[in-house]
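What the coordinates show
What follows is each chain in one-letter form.
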Amino acid sequence: MLYLSQLLNVKIIDSREVFVARLKDVVVFNDGKNYPYVVGIIFQKGKDLYFIKFEHIETLSTAEVTLNKFDCWSVWGENEKFLLLNKDVMDEQIFDVDSIKVVRVNDLHLVKIGDLFNLVGIDVSNKALLRRLGLSSLPFVRFMQVKLIDWHSVNFIQGNVGSIKLKTPFKKLEKLHPADIANLIENLTLHQGSNVVQSLHDEKAAEVLAEIEPKYKDTLLEKINPRNLARILEEMPTDEAADVLQDLSEHKRLLVFKRLSERKAKVLNRLSKYKGNVAGGLMTADYMRIHPQNTIADAVDEIRRKSAEHKFIYHVFVVDESDVLKGVVSIRTLILSDKHLKVVNVMSKILITVKTTTSYENVARLLTKYNLLSVAVVDQQGKIKGIVTIDDVMRLLVPHA
Amino acid sequence: MKEISGKKPSTWMGLKLKILLILSVVGPGIITGTADNDAGGITTYSVAGASFGYKMLWILFLVTFILAITQEMGARLGLVTGKGLAALIRENFSIKITSFVVLITFLANLANILAEYAGISSVADIYGVPRWIAVPLASLSIWFVVYKGSFKVVQKVFLTSSFLFLSYVFAGIMSKPDWQMAFNDMLVPSFVWTGEYFYTAVALIGTTITAWGQFFVQSYFVDKGISSEHLKYSRWDVFMGAFWTNFVAFFIIVATAATLYKSGIKIDDAAQAATALAPFAGVLAKHLFAWGLLNASLLGLAVVSMTSAYVMTEAFGWEGRVDLKSESASYYGIFAFCIFSMALIILIPGLPLIPILVGSQMLNTFVLPILFICILKLLNNGKLMGDKKNSLFMNVISWLSVIFLVGMSLLLVIMTLLNR
């Protein structure tokens, strides 16, 4: 068991038993898949850094580093392929994608496997801090636990100042659930957080933004570049996109709006007329609609075609030429019915609707009473304006989940 | 929500946008500047005016520029790197320097918090409110605002508090000072060759430019979430903050100079100043002074405690943010510890407050040089700052300010030690 802090400043002795310098850094090769392994060490003389290859190292221990040759070093230039453990990793902030936390690297844990030294983990414990302060001999330190994070759970934070500009683009973060990524981002500074959001795929970024605490969200949004934000909004359900726009400052809103596609901009402009926690403010324009005279097969096709852009496909809303809501048909009915039948023959004609001004509590009551997943919002003429889905109402009922 | 239009903004719209932008950026500078006028600051200004009349105003004038420079450095570091000062020191210097700076600042802050409570207690004394009611009430309300409020709410409370400092401006005007003499003494240096004069002068600088103030201004700019493109506006914000801070200080000094100094009345703290002011400037002036002190102490209490929590969590990787509770238990833990433990200590009868405050100033003196050297090194780090790094001109000005600051505080330490 070896810690990086124990290697730093250790004497380097060459094969003639001559003192060379003190160790300044350890260089590892990182392919992003396996544990990185040590390829050499670095020392400093004057202003220059020198590199000694691992094959020239006889022993690597906390007492000293001995070499099997002399004059076996070369000037070290910046090298994108390698990580310098002290300079690039030590003391930086990282994501622990296993326990979903933002932590600071207090020490690095190296293990000799075969002939190679591998970087297997990161120590984030307070014990490591005390070790580096030279206070390991304090009596209570013995009872403290080290806290190691496996290297495979480590994800660098994008855009962090320092030299890790993602030479090794780890994609571990993308595999997490959006809600978990959101939690991680909430623990960063805004600067880092906005960098992380912008480094994700637009689709993922949209999902993540939807999960971020409202209080943090408005300041975070201001930090995201308008062009990127517009792209992310394109991927978002319209109701959420409208909320995001509403959270922006007037200045930023205009900038983002200019960059939206015409279609999205039109829908969002319409939705933005309604405010706050009433059905009008909660509703989305992303719902499946079908004409009553179409067949079941048409409806199923429509679902297949549109399912990518509409998250909510469990009900198809039956709407005539003049936008008047005629009925609702569930995906279950569509699957179980004869595909040559017309929609008008299988749809439920009991219309349960709300107005744009209905409060979210009343929407919730309605959804609960009739066991619905969504409810249509209609105007006085019975024309459909949008739908409110249960998850949007839940968010208001249980705000801090 | 207003109708959104995709149309290109007209010139008028452009102007409107610009104003909106400035308004959205203004705040941190005013708040962080004003927070330097805490209970210790108000006391120093009151004593300076009562003991030396207008003769200390030129130092205040000088300090305004130094404050503007140091605050700008902190704001720029925060805006460009998006990180707090403790984190930057940890990442760019050694863990030992980090621990030293952070722990000393933490200790000095605890003493500072005691001073804020002392301010609150003395206002309570003026109005005959028992301390054991006033102190817990103050700590609970500050805890409540910071713990329950979002960043925006906290900022609004702070901004309101910053403008309440106007009470001192009114008190200053009511004391009918000799304006001509005041302005003259502000622009023309004058010395009194006594140890006390020098001591007060250094204290005046020391209460305005502090280690915690430097940490606070940077963290605040990081959390405010202004992008570095708006640096220009933030710079003005900071300068306005420095101006407002010492504008208020000017009126405090003027108020006590025009009344207490003229009549040869000596005071030891700001609350005494309030009481002593009544016969000269009227009862209203007394109330303005007392309420001003209460306001300053409360703001200082919140800001210094928050900074302690920021600095500790950031340096040791127990990160947390102002607006998140569940995730940042250590942040709120440290915040609560600072606020409540010091509230208990101030209630100890016969607490020797003066030695504690002197000790705190000494600690500040040890940290400031290291802190400013780190800040200047960071500001000159091209990898970190890009094109926002220090220019030669800025370097000269900032090094001069730092050398001046460090020299003055070192002299203070020597003088204090010699006095004992």
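Residues numbered from 1 in each chain as written. Chains lettered and ligands numbered in written order. Predicted model: local features only at pLDDT ≥ 70, side-chain atom pairs only at ≥ 80, totals over all residues. Heavy atoms only, no water.

1. Observations concerning the packing of helix H9 (residues 166-174) of chain B against helix H15 (residues 283-316) of chain B
Residue and element names in this part refer to chain B. Packing of H9 against H15 brings their axes to within 9 Å, and their N-to-C directions diverge by 150 degrees. In terms of their interaxial angle, H9 and H15 are classed as roughly antiparallel. At the point where H9 passes H15, the crossing takes the left-handed sense. The segment H9 lies against H15, with Ser-167, Tyr-168, Phe-170, Ala-171 and Met-174 engaging Leu-284, Ala-285, Leu-288, Phe-289, Gly-292 and Leu-293. Considering only residue class, the contact of H9 with H15 consists of nine nonpolar, two polar and no charged. (Axes fitted to C-alpha atoms, helices over the stretch in contact; angles between N-to-C directions. Helix = DSSP H or I, 4+ residues; strand = E, 2+ residues; numbered from the N terminus. Parallel < 35°, antiparallel > 145°, perpendicular 65-115°, else oblique. Left-handed = near helix turned anticlockwise from the far one by under 90°. Contact = heavy atoms within 4.5 Å. Nonpolar A, V, L, I, M, F, W, Y, C, P; charged D, E, K, R; others polar.)

2. Quick notes on the packing of helix H4 (residues 57-81) of chain B against helix H10 (residues 179-187) of chain B
Residues and elements named next belong to chain B. Taken N-terminus to C-terminus, the directions of H4 and H10 make an angle of 55 degrees; their axes are 6 Å apart at the nearest point. Between H4 and H10, the angle falls in the class oblique. Crossing handedness for the pair H4 and H10: right-handed. From H4, Leu-57, Trp-58 and Phe-61 reach across to H10, where they touch Ala-182, Asp-185, Met-186 and Leu-187. For the contact of H4 with H10, the residue count by class is six nonpolar, no polar and one charged.

3. Considerations on a nonpolar patch on the surface
On the surface, Tyr314(A), Leu373(A), Ile390(A), Met394(A), Leu397(A) and Val398(A) cluster together to form a nonpolar patch covering roughly 500 Å² of accessible area. With respect to the helices, strands and loops of the structure, Leu397(A) is situated in helix H17 (residues 390-397). (Patch = residues over 30% accessible without salt bridge, like charges linked within 9 Å, V, L, I, M, F, W, Y side chains within 5 Å. Areas by Shrake-Rupley, 256 points an atom, 1.4 Å probe, with all protein chains shown as cover. Salt bridge = Lys/Arg side-chain N within 4 Å of Asp/Glu carboxyl O.)

4. Overview of a negative patch on the surface
Residues and elements named next belong to chain A. A cluster of acidic residues, Glu-203, Glu-207, Glu-211 and Glu-235, forms a negative patch on the protein surface. Relative to the helices and strands, Glu-235 resides in the loop between helix H8 (226-234) and helix H9 (238-247). Note on Glu-235: relative accessible area 40%, which makes it partly exposed. (Lys, Arg positive; Asp, Glu negative; His and termini not counted. Charge placed at Lys NZ, Arg CZ, Asp CG, Glu CD. Buried < 20%, exposed > 50% of the residue type's maximum accessible area, 1.4 Å probe, protein only.)

5. Focus on the confidence of the model for chain B
All names here are of chain B. Per-residue confidence for chain B gives a mean pLDDT of 83; residues scoring 70 or more make up 89%. Scored below 50 in pLDDT, residues 1-9 shows 21 contacts in the model against residues more than four places distant or in partner chains. For this predicted complex, the interface score ipTM comes out at 0.75, while the overall pTM is 0.74. (pLDDT = per-residue confidence, 0-100.)

6. What to know about the sheet that holds strand E11 (residues 101-104) of chain A
Residues and elements named next belong to chain A. Spatial strand order, E11-E10-E15: three strands in an open sheet with antiparallel pairing. Two strands in the sheet have a free side with no partner beyond their single neighbour: E11 and strand E15 (154-156). Strand-to-strand twist across the sheet, computed as the mean angle between neighbouring axes with direction ignored, equals 40 degrees. For strand E10 (residues 93-96) and E15, the ladder comprises three bridges, and the chain directions are antiparallel. Counterpart to Ile-94 in the pairing with E15 is Phe-156. (Pairing = 2+ DSSP bridges.)

7. Some remarks on the nonpolar core
Buried together is how nonpolar side chains tend to be arranged in soluble globular proteins. If you look at the biggest cluster of nonpolar residues, it comprises 129 residues, and the most contacted ones within it are Leu57(B), Ile59(B), Tyr117(B), Phe158(B), Leu204(B) and Phe289(B). When residues of this core are assigned to their parent elements, the largest contribution, 19 residues, is made by H15(B). When neighbours within four sequence positions are excluded, Phe158(B) is seen to be in contact with Ile31(B), Tyr220(B), Leu299(B), Ala302(B), Val303(B) and Met306(B). Among the nonpolar cores identified, the runner-up in size contains 55 residues, and Leu190(A), Val267(A), Ala285(A) and Leu367(A) belong to it. (Core = buried A, V, L, I, M, F, W, Y, C linked by side-chain atoms within 4.5 Å.)

8. Points about empty space enclosed by the protein
All names here are of chain B. Tallied over the entire structure, the rule returns four cavities of 30 Å³ or more. In this structure, the second largest cavity occupies an estimated 100 Å³ of space. The wall of the second largest cavity is formed by Val-202, Ile-205, Gly-206, Ile-209, Gln-361, Asn-364, Thr-365, Leu-368, Leu-405, Met-408, Ser-409 and Leu-412. For the lining of the second largest cavity, the secondary structure elements donating two or more residues are helix H11 (195-208), helix H17 (353-379) and helix H19 (392-419). Among the residues making up the lining of the second largest cavity, the classes are represented as seven nonpolar, five polar and no charged. (1 Å grid on protein atoms, 1.4 Å probe; cavity = no way out; pocket = protein on both sides within 12 Å on 5 of 7 lines; lining within 4 Å. Points joined across faces, edges and corners; volume = space filled by probe spheres on them.)

9. Comments concerning the packing of aromatic side chains
Counted under the stated rule, the structure contains 28 aromatic pairs over all chains. Residues Phe216(B) and Tyr220(B) carry aromatic rings whose centres are separated by 5.2 Å and whose planes lie at 50 degrees to one another, so their mutual orientation is tilted. With a gap of four residues between them, Phe216(B) and Tyr220(B) both fall in helix H12 (residues 211-224), about one helical turn apart. Put simply, the rings of Phe163(B), Trp179(B), Phe183(B), Phe243(B), Trp244(B), Phe247(B), Phe250(B) and Phe251(B) pair up and form one aromatic cluster. Here the basic side chain of Arg16(A) rests over the ring of Phe70(A), its NZ or CZ set 4.2 Å away from the ring centre. Across from the ring centre of Tyr3(A), 3.5 Å away, lies the NZ or CZ of Arg131(A), which sits over that ring. (Phe/Tyr/Trp six-rings, centres within 6.5 Å; stacked < 30°, edge-to-face > 60°. Lys NZ or Arg CZ within 6 Å of the ring centre and 35° of its normal.)

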